[in-house]
Amino acid sequence: MVSMSVDQIVSLVESLYTAHSPDAVAELQNRLQILQKSEQGWEIAEMLLAQPSLNCQFIGALTYTVNLNLHSATLASSSSTITYATIMTKLLSHLRDVVREDPNLKSRMLIITKLLANLALIFTRTFQDWKDPLNSVVSYLTNQPETTLNSEILQTLHHKLIEILLLFSQITVEDITKKDASDVNRVELHRCIHEGFFATTQTIMAFAVERYEEALASTWLDCMSSWIQYISVAQLESTERYDASVMLSNLFKLLVDSKGEARVITVVTDIFDTNPGMMKQELNKTLESLLFGSWGIEYLNTHGHDHEAVNMFSRLVIRFLEGNLVSLSASLYDDQSNEKFEFLISLSSFPGTPIIDEMNSVDFVDFWSQMAECFVSDGEYFSLLLKNDESSMARLTDKSIALFSRVAQIYWQKVHIPDDVADFKEEFDSFRRDVADFFETIYSIVEFPLFDNLVKSIIEGLTTSSSLSDLEASLFLMNAVSANFSEHTISDDVLKSLVMVMDSDLLKVVQQSISFGQSLQYPILTTVQFLASIDYFYRHSVGVPYLSTILNFLFGCMLNSNQYSLVASKAISKICNECRQYLVDFIPYFDDLLTEMISNYNVEPLIRQRIINSHASIVQSIKDPEIQSHHLKKILTLIRQRSLEAIREFDNPQLPREEREKQLAYLISLLSSVKEIGRGMKLPDDVDQIYNASEIGVIKEFWERDPMGIHQIVIDTVGAFALESRMLSKSLRITEEACNILQSGMSESIGGPFVFENNVPLNFIQARCSNKEADPKSFLDTLPLLFSLLSALFNSAFRTLDQKPVEEILQLLLIDNMVIVKSDPDILQSALSAVTTLVEKRPSLLVHLPLFFDSILPFALDQLKSKERYVLKATEKFWVRLIALRRGGQQDTISVQRMFLETPLGEVLLLTALENMLESPRSNVDLYIEVIKVIVVKYQRMVKQWMTASFVKIDQLRQERGKQPVPSSAVFISKVLVTRGMGGCNRVINDLWLQVNGLVDYNTR
Amino acid sequence: MPEQSLCLQRLQQERKQWRKDHPFGFFAKPKKDADGYDLYKWVCGIPGKQGTIWEGATYPITVTFTQDYPAKAPKVKFTEDFYHPNVYPSGTVCLSILNDEQDWKPSISLKEILLGVQELLTTPNPLSPAQEPAYRAYMKNREEYDMKVKEQAKHFS
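Small disclaimer: the values here were computed from a predicted structure and weren't measured.

With that settled, consider the overall build of chain A. Counting its regular elements, chain A contains 51 helices and zero strands. Dimensions of chain A along its principal axes, counting C-alpha atoms only, are 110 × 95 × 70 Å. Of the roughly 44,200 Å² that chain A leaves accessible, carbon and sulfur atoms contribute 50%. Counting 89 positive and 125 negative side-chain charges, chain A places the averaged centre of each group 8 Å from the other.

In structure tokens:
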């Protein structure tokens, strides 16, 4: 019961509007909500609406909303004293009173809106009985009996009442649009709206436009906009199909009469964004004649200076045309469309800088791209439209080439980078990317002339001293156009054009501009990117002679300015990698550069590594291993000598901390450079196509001899960093790079400078293990790397490895460090992975070792208890591979089977898997299932016995922990046996897990 | 016009939608071959977020759709050996919205996928490790992780 007087409640409402502190407002709101939801809610709503205060009236209307929602269940009942019908009557009366008090609706619009919203809410719940609330509203507002609205009645109404009707219609459809689509009554509601409410609204809207166009335009457009949204939703959710032609014709009338007021254009554009299907053919024709006829021209004449207005118009034009781009594209054939395309071109070429001054060209680039795609993809459709007439098709093709060439010219101008681009760089880059896409697309249509025009603009620009900005735009677009070129598909014309570019002063001019600093950065960057993108040219015999000039230019960019060094080194790296075989003569040019790169510790590490990798890529392409060796020895010796000096400096305890950090970064980079040599020297995938059998023989023999001692230099360098230097060997990065180097040649099919004998990585691991006491922490950190190196060795060298070294290394790395290994999930995972690799590749190296049964199996069993999913995953893989033993020989299989059958292993494994599976989170169950399944498949005869024994133990354990025994375990065992470990087994085990954990699988219910 | 499969219709729609509205710094376009565009294979770029260790570079990815799209999620791949805890050594991204059995919904747009991957770059999911080196460094040695990510950013800049 509420024990507050009317005055107190009024005062409470008023204080809500005067309170300032958020806490006070929250407190007042809280109190008010209690009142609104109290048993006297309806009475309070009535009482507040009767107050002269606007605040009270609004809260009164709001209280109705609260109670309509609160009592939705009882309001529909006819036995209830308060029903929707009684509330509706009250609300309509209040509406009438409020409108009477304020005929101009100036101050009470919020209250009226809220009352209308309440009526809309009632309508959506009672539409079966209350068919057309608009009629009821008119009846109450005019004190006339309710009748179907028509223009005669509407003529008697003040335009403010018409505004209320429009608002009510708008609120009602907005309300329905927003509501949950799963409401079962929605189909019915949509039908009711279509049958009555829509027709009445159309009558009101038509009248409003006819009679009170200016006064009601804004409300009318809001109403129209809401109906566009609603119709789209209604057509999606029901079978109702709207013919909104009358409404839309009125909208177009408003478009014309308002001379294209922004809001009208927005609403028309909304149609195409929301539901273009609303536009019937006739309407389309009307709109087309408006947009491309005198109205459109007049609009542009009037608003031509207003970028916003023109852009709004352009967007409408684009949305309108997008609906049927294929037909529009085909209409290019017809000269009658010429004007239309001229119009579109003129809109696209609106003066000014894109983004800053105008957005027209930005919006239009997508439009042109879509249209170009029609020409690329819909050729068949065009030919159908033109009845397969070859001359007509040729005409369409010619006109499309001409059209897109003109559009290309516009966008060439538009992609020029403005001086003040910094403030909107992202936006401008995005626009340029869109233009680049457009050029890429239209190359399929315009073909070589597009490329040729760009080239000519460069050549002419260089001779007429036009701006570097023009040159930049052309190069940028050439990059885009040539994105899909390859040396196999490139035409002679393109090659000739590129030769013209290379023979021009382009590189000289750009090189000179480097010294001008920031202002010319874009032409330089784009030139570098362009040179990196035309690798198809360098790989062609025509382009090869230019390689050295280009590399010299890029080296110049890299060395002469920090600003371009990174991007230039990337280009060098790409070219050297892609065109390695043509660059052998260029190797001497690297000599001084490499010395600088290696010796100067201020060189950016990535640049150093890229250049060293580039050199190695070229060296790799030399077929003669002796010459390769010669080059490698030179650079590796250089790195080694410099490294030893730097390591000595680094190991000096007096070195200041800051200097030490710099020195460490330099040293890491030097070791990474060795890795980059390894990467560069990697044989290409198609070895058999590059070398014949006798060449392969020569290479193998050479690297077995390794007369220049390349292997040893690499091994010594790795050792100097990762083993001998007390300080450096603590660095994880150094160990990582050392491991990477030792692994880099492991996948090679024939010998090479980085293909080491098996004992090299094994010795490295041994050396690291023997030194573990010196720094246990860094040893722990490096263990995953060492296991990973071992795994890589097992993976690549399993055929040539012997059992003895495998046993020794597992003893040393795994068994002797078991406590440390178990302390860290990452180490656990990497250790399990290494062992699993051996089981997968050559189990005979492992399964007969005593340490396998004595240590590794208990270790792997233990990991089934892990809570870390990735450790469990590695454990699952180990057990599944071991039990399946796909690569095992007969002896291996027998040996493993004996472990399972003649020792408790099988039962213990099953017990451990089952026990931990039942306790595990759902996300891990699948991993245990795989282990259980493979046991069922391989040891079917023993499963019943093992499982029965397992469940006895599990139940015992569960009882000790106060849990229920596993229900129906015997049934479970039978079911599992029936599945024989096949697909159905997953379901059976999953069900057991759900049952034991008291859960239900809703996916299957 | 020849009838298109639901998948192709949707991919056309995605292309159109992307053109109309795409976030700055991203790019996405179907691969082009001799026959035109292959809507099943997209080449995309994801910019590293400003103010993070990923900034300054646009990371290339490929998005491959199958004919079951949108019922099935596309496969998103970075380059091989991309350094991130939730990217497999093959480059495949491990992300719940790209997993049919997790959060994939047919309504997820290409834009949402790319924004999701961008978000993943800066906020890896430690519960779904996909590669050892980045995961290990992310969990245990954040300094090393940051340094490697920055090096990678330079590589892609």
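On to the interface of chain B and chain A. Contact with chain B, which involves 29 residues of that partner, is made by 36 residues of chain A. Together chain B and chain A conceal approximately 3,100 Å² of surface at their shared face, both sides included; 46% is due to carbon and sulfur atoms. In this assembly, chain B and chain A are joined by nine salt bridges. The salt bridge partner of glutamate 440 of chain A is lysine 29 of chain B, with a shortest N-O separation of 2.7 Å.

Once that is clear, we can look at the pairing of strand β2 (residues 36-47) of chain B. Successive residues of a regular strand alternate their side chains across the two faces of the sheet. All names here are of chain B. Within β2, 10 of the 12 residues are buried, which leaves it mostly tucked inside the rest of the structure. Examined bridge by bridge, β2 and strand β3 (residues 58-64) share seven bridges and lie antiparallel to one another. Across the sheet, the residue bridging to tryptophan 42 is valine 63, located in β3.

Residue and element names in this part refer to chain A. Evaluated as defined, the whole model comprises 57 aromatic pairs over all chains. Ring geometry for phenylalanine 123 versus phenylalanine 197: centroids 5.4 Å apart, planes at 25 degrees, classification stacked. One end of the pair, phenylalanine 123, is in helix α7 (residues 109-126); the other, phenylalanine 197, is in helix α11 (residues 186-237), and 74 residues separate them in sequence. Across this residue pair, the class does not change: phenylalanine 123 and phenylalanine 197 are buried.

We now examine the pattern of salt bridges. Close approach of charged atoms allows side chains with opposite charge to pair. All names here are of chain A. Applying the stated criterion across every chain, the model contains 56 salt bridges over all chains. The salt bridge involving glutamate 907 is made with lysine 953; its shortest N-O contact spans 3.2 Å. In this pair, glutamate 907 is assigned in helix α47 (residues 905-919) and lysine 953 in helix α49 (residues 940-960), connecting sequence segments 46 residues apart. Classification of lysine 953 as partly exposed rests on a relative accessible area of 39%. When salt bridges with common partners are traced through the structure, they connect Glu487, Asp535, Arg539, Lys574 and Glu578 into a single cluster.

Over its 12 residues, helix α38 (residues 732-743) of chain A extends 16 Å from the first C-alpha to the last, a length consistent with the 16 Å expected when each residue adds 1.5 Å. With nine of its 12 residues buried, α38 of chain A lies for the most part within the structure. By the burial criterion, the buried members of α38 of chain A are Arg733, Ile734, Thr735, Glu736, Glu737, Ala738, Cys739, Ile741 and Leu742 of chain A. On the buried face of α38 of chain A, the contacting elements are α34 (657-680), α37 (710-724), α39 (759-770) and α40 (776-797) of chain A together with α4 (142-155) of chain B. For α38 of chain A, the N-terminal cap is serine 731 of chain A; the gap from its side-chain oxygen to the backbone nitrogen of arginine 733 of chain A is 3.3 Å.

So, about a negative patch on the surface. All names here are of chain A. Taken together, the side chains of Asp357, Asp419, Asp420 and Asp423 define an acidic patch exposed on the protein surface. Locating aspartate 419 in the fold gives a position in the loop between α21 (390-414) and α22 (425-446). You can call aspartate 419 exposed: its relative accessible area is 83%.

Residue and element names in this part refer to chain A. By the assigned domains, chain A splits into domain 1 (324-421 + 432-446), domain 2 (448-582) and domain 3 (584-756). Taking only C-alpha atoms, the centre of domain 1 and the centre of domain 2 are 27 Å apart. With 15 residues of domain 1 at the interface, the matching set in domain 2 holds 21 residues. Taken together, both faces of the contact between domain 1 and domain 2 bury some 1,500 Å²; the carbon and sulfur share is 70%. Its largest share of buried area at the contact with domain 2, domain 1 owes to Trp412, Phe439 and Tyr443, together 39% of the area lost on that side. Linking domain 1 with domain 2 are one salt bridge. A salt bridge links arginine 432 to glutamate 472; the shortest N-O distance between them is 2.7 Å. Viewed at the interface, domain 2 and domain 1 are joined by three residue pairs in polar contact (both at pLDDT 80 or more). Those elements that place two or more of their residues in the side of domain 1 that touches domain 2 are α21 and α22. Among the elements that take part in the side of domain 1 that touches domain 2, α22 stands out by supplying nine residues, more than any other.

Thresholds, definitions, all that
- Residues numbered from 1 in each chain as written.
- Chains lettered and ligands numbered in written order.
- Predicted model: local features only at pLDDT ≥ 70, side-chain atom pairs only at ≥ 80, totals over all residues.
- Heavy atoms only, no water.
- Helix = DSSP H or I, 4+ residues; strand = E, 2+ residues; numbered from the N terminus.
- Areas by Shrake-Rupley, 256 points an atom, 1.4 Å probe, with all protein chains shown as cover.
- Lys, Arg positive; Asp, Glu negative; His and termini not counted.
- Charge placed at Lys NZ, Arg CZ, Asp CG, Glu CD.
- Contact = heavy atoms within 4.5 Å.
- Buried area = accessible area lost by both parts, 1.4 Å probe.
- Salt bridge = Lys/Arg side-chain N within 4 Å of Asp/Glu carboxyl O.
- Buried < 20%, exposed > 50% of the residue type's maximum accessible area, 1.4 Å probe, protein only.
- Pairing = 2+ DSSP bridges.
- Phe/Tyr/Trp six-rings, centres within 6.5 Å; stacked < 30°, edge-to-face > 60°.
- Expected span 1.5 Å × (residues − 1).
- Polar contact = N/O pair within 3.5 Å; in protein donor to acceptor, adjacent residues only side chain to side chain.
- Patch = residues over 30% accessible without salt bridge, like charges linked within 9 Å, V, L, I, M, F, W, Y side chains within 5 Å.
- Domains from an automatic or database assignment.

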